[in-house]
Amino acid sequence: MKLLYYPGCTLKTSAKNLEQSAFAILEALGHEVEEMGDWNCCGVASSLTDDDLMHHLAPLRNLIHVEDAGQDKVVTFCDMCYNTLKQTNLRVKEKPDDLETLNSFMDRENDYKGTVKVIHFLEFLRDEVGFDVLKKMVKNPLKGMKIMPYYGCMLLRPREVSIDDAEEPTIMKDLLTALSAEVIDNPFKIECCGSYHTIEEKNLVSNRAYRITKFAVDRGSDAIVLSCPLCRFNLDVRGKEAEKIYDNYKQIPVYYYTQLIAVALGLDPKCCGFGDHAVDPILLLKKKGVFEK
Amino acid sequence: MKKQEAIVDVNSLNLKKGDLVKEVEELCGENLFGCYQCGTCSAGCPFIEDMDLSPDEVIRYVILDRKEVLNSKTIWLCAACYTCAERCPRDINITKIMEALRQIILRKNIDRTNLTDISKEEKESIPQLAFVCLFRKNVG
C-alpha cells in the first residue's frame, strides 16, 4: 500500500529541500509515497481554548480526506503539521460531542470516523523502517561529525502527542548513531527556538538561536540536526544574524535529519537543496570527508 | 523591536469585579486556584528574561483580579511551547491560561499585530507557517 503523505504549506514553498530529501529516502527504501489529494492548511497552532472548535475544522478536514482515500495512516514531514493534526485527532476521539458538532458543520464532507493515525516521518523511520535497516544502507558514514540533535517543541509537547520521551528524547540520537555520527547532548535540545516571533521580534529569536547554538559549540558540536522548517529558519538564518550581535560567535550549519540521511545513503545531493541554507552546510561535509563533490 | 506595546484599556473590556479569573477559567478549563506558586513554569520558560511578569505572577494577578495583567508583555511572548504545562506539578496547563488571556483581548476585536506592518521582504523570506502561527496568536 502506498504511503499517504500530508505536505502542508511550508514543504511546498520554503522547505522544498525537506520534502525532496524525504522523498529520495523513501525511494531508496523502496516505499511508494503519494501526496494527499485536496489537502488544506493544518492551522499550524492547535486551538488552546476549550470553546474554540472552529480551529479544529482545518485539521479535521484533512483527516477526513485520509479516510476518503481509504487509508488509516498519514505521514507528515513538518513538525507543526504533525502536532496540529495529531492534537485534533486526539481531541475528537476524546470528545465525541465535539466530533459530532464538527461533522455536522462540514455537511459537504463525509463524517470523520476516527480511524486515522497521524505519524511523523521520524517515527516512520524508527518504527516501520528501523534505524538498523538504515545503518546497513549507509555508504558515506558521517564519521567525525559532531552533531547536536535539536528537537524543539512540536515533536515532544504536549506529552499526549510526543513521538518520544518529552524531557529526554533519544530518537534523533539513535538515528545519528546509526549514521555513524558523534552525538553531542545539550539541555537546550528541547527548548523553543522562538517560533513565530521570528517575524516581529527578530532579536529575541536571534538570542534564542545564539543561546542554543553557543551551548552546542561549547560542547564541541560542528552542526545541528533538526526536523522542523521553522526551527531550521530560526537557528540557521536568525542564528547567522546573531553573529552581528554577539562577539566571537559563529553560527554552525543546520541540517534536516533527512538531508543527513540522504548524504549518508549516498543519494543524489541535489535532493538536499543545500543552497537554501544561510550557513553553508556543504563545507563541513567536505571538511569531514563525508562529501567529496 | 519596532513594535509598540499594545495598550488595552482594561476598563473597556466590560469585566466586572472578580470576573477575570472566571472568564479565564471558562476559556481554558484550568483551575487557577490549584497553583501553589512554586515557580516551576517560570524557571523553565525560554522567554522569561524578556517577560515583565513571570508566568506564576500572571496566575497570581488573575486570581487577585488585577486586570493590568492584560497589558503585560508576557501573554504575547508566550509562543505556546508547552514546557510549563508539561512540567507543572499541579498539572495546570499554563499554556492554555496564556491563550485565554490573549483571547480576552482578541475577542474584543483588538489585534496585537498590524498585518500591514509586515514588509514584502519578510513575507518572501520567512517560512509560511510562521505567518499562519502569528496570525493565529495575535489577530482575532
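Right, let's walk through the structure included here.

### Overview of the sheet that holds strand 1 (residues 3-6) of chain A
Residue and element names in this part refer to chain A. Spatial strand order, 2-1-3-4: four strands in an open sheet with parallel pairing. Strands at the two margins of the open sheet, each flanked by one partner only, are strand 2 (33-35) and strand 4 (117-120). For this sheet, the mean angle separating the axes of adjacent strands, direction not counted, is 40°. With two bridges joining them, strand 1 and strand 3 (residues 73-76) adopt parallel strand pairing. Bridge pairing in strand 3 places Tyr-6 opposite Thr-76. Contacting strand 1, strand 3 and strand 4, helix 3 (residues 79-94) crosses the sheet at an angle of about 160° to strand 4.

### Focus: the pairing of strand 1 of chain A
Residue and element names in this part refer to chain A. Going residue by residue along strand 1, you find Leu-3 and Tyr-5 tucked away on one face and Leu-4 and Tyr-6 tucked away on the opposite face as well. The pairing of strand 1 with strand 2 spans three bridges and is parallel. Bridging from a neighbouring strand, Leu-4 pairs with Glu-34 of strand 2.

### Focus: the side chain of Ser-46 of chain A
Note that Ser-46 of chain A resides in the loop between strand 2 and helix 2 (57-68). With residues up to four places along the chain from it excluded, the contact list for Ser-46 of chain A reads His-56, Thr-84 and Gln-87 of chain A together with Tyr-82 and Arg-136 of chain B.

### Section: the packing of helix 1 (residues 16-29) of chain A against helix 5 (residues 121-129) of chain A
Residue and element names in this part refer to chain A. At a minimum axis distance of 12 Å, the contact between helix 1 and helix 5 shows a crossing angle of 15°. Comparing their axes, helix 5 and helix 1 come out roughly parallel. In this structure, helix 1 crosses over helix 5, and the sense of that crossing is left-handed. For the pair helix 1 and helix 5, contact is made by Ala-22, Ile-25, Leu-26 and Leu-29 and by Phe-121, Phe-124, Leu-125 and Val-129, respectively.

### Some details on the interface of chain A and chain B
Contacts between chain A and chain B engage 45 residues on the former and 42 residues on the latter. When the two sides are added together, the surface that chain A and chain B hide from each other amounts to roughly 4,000 Å², 60% of it contributed by carbon and sulfur. Among the residues chain A hides against chain B, the three largest losses belong to Leu-48, Tyr-196 and Glu-200 of chain A. Together they make up 23% of the total. At the junction of chain A with chain B, the criterion picks out six salt bridges. Asp-50 of chain A is the partner of Lys-96 of chain B in a salt bridge, and the nearest nitrogen-oxygen pair spans 2.8 Å. Between chain A and chain B we count 20 residue pairs in polar contact (both at pLDDT 80 or more) in total. Classifying every residue of the side of chain A that touches chain B by side-chain character gives 19 nonpolar, 13 polar and 13 charged.

What counts and how
- Residues numbered from 1 in each chain as written.
- Chains lettered and ligands numbered in written order.
- Predicted model: local features only at pLDDT ≥ 70, side-chain atom pairs only at ≥ 80, totals over all residues.
- Heavy atoms only, no water.
- Pairing = 2+ DSSP bridges.
- Helix = DSSP H or I, 4+ residues; strand = E, 2+ residues; numbered from the N terminus.
- Axes fitted to C-alpha atoms, helices over the stretch in contact; angles between N-to-C directions.
- Contact = heavy atoms within 4.5 Å.
- Buried < 20%, exposed > 50% of the residue type's maximum accessible area, 1.4 Å probe, protein only.
- Parallel < 35°, antiparallel > 145°, perpendicular 65-115°, else oblique.
- Left-handed = near helix turned anticlockwise from the far one by under 90°.
- Buried area = accessible area lost by both parts, 1.4 Å probe.
- Salt bridge = Lys/Arg side-chain N within 4 Å of Asp/Glu carboxyl O.
- Polar contact = N/O pair within 3.5 Å; in protein donor to acceptor, adjacent residues only side chain to side chain.
- Nonpolar A, V, L, I, M, F, W, Y, C, P; charged D, E, K, R; others polar.

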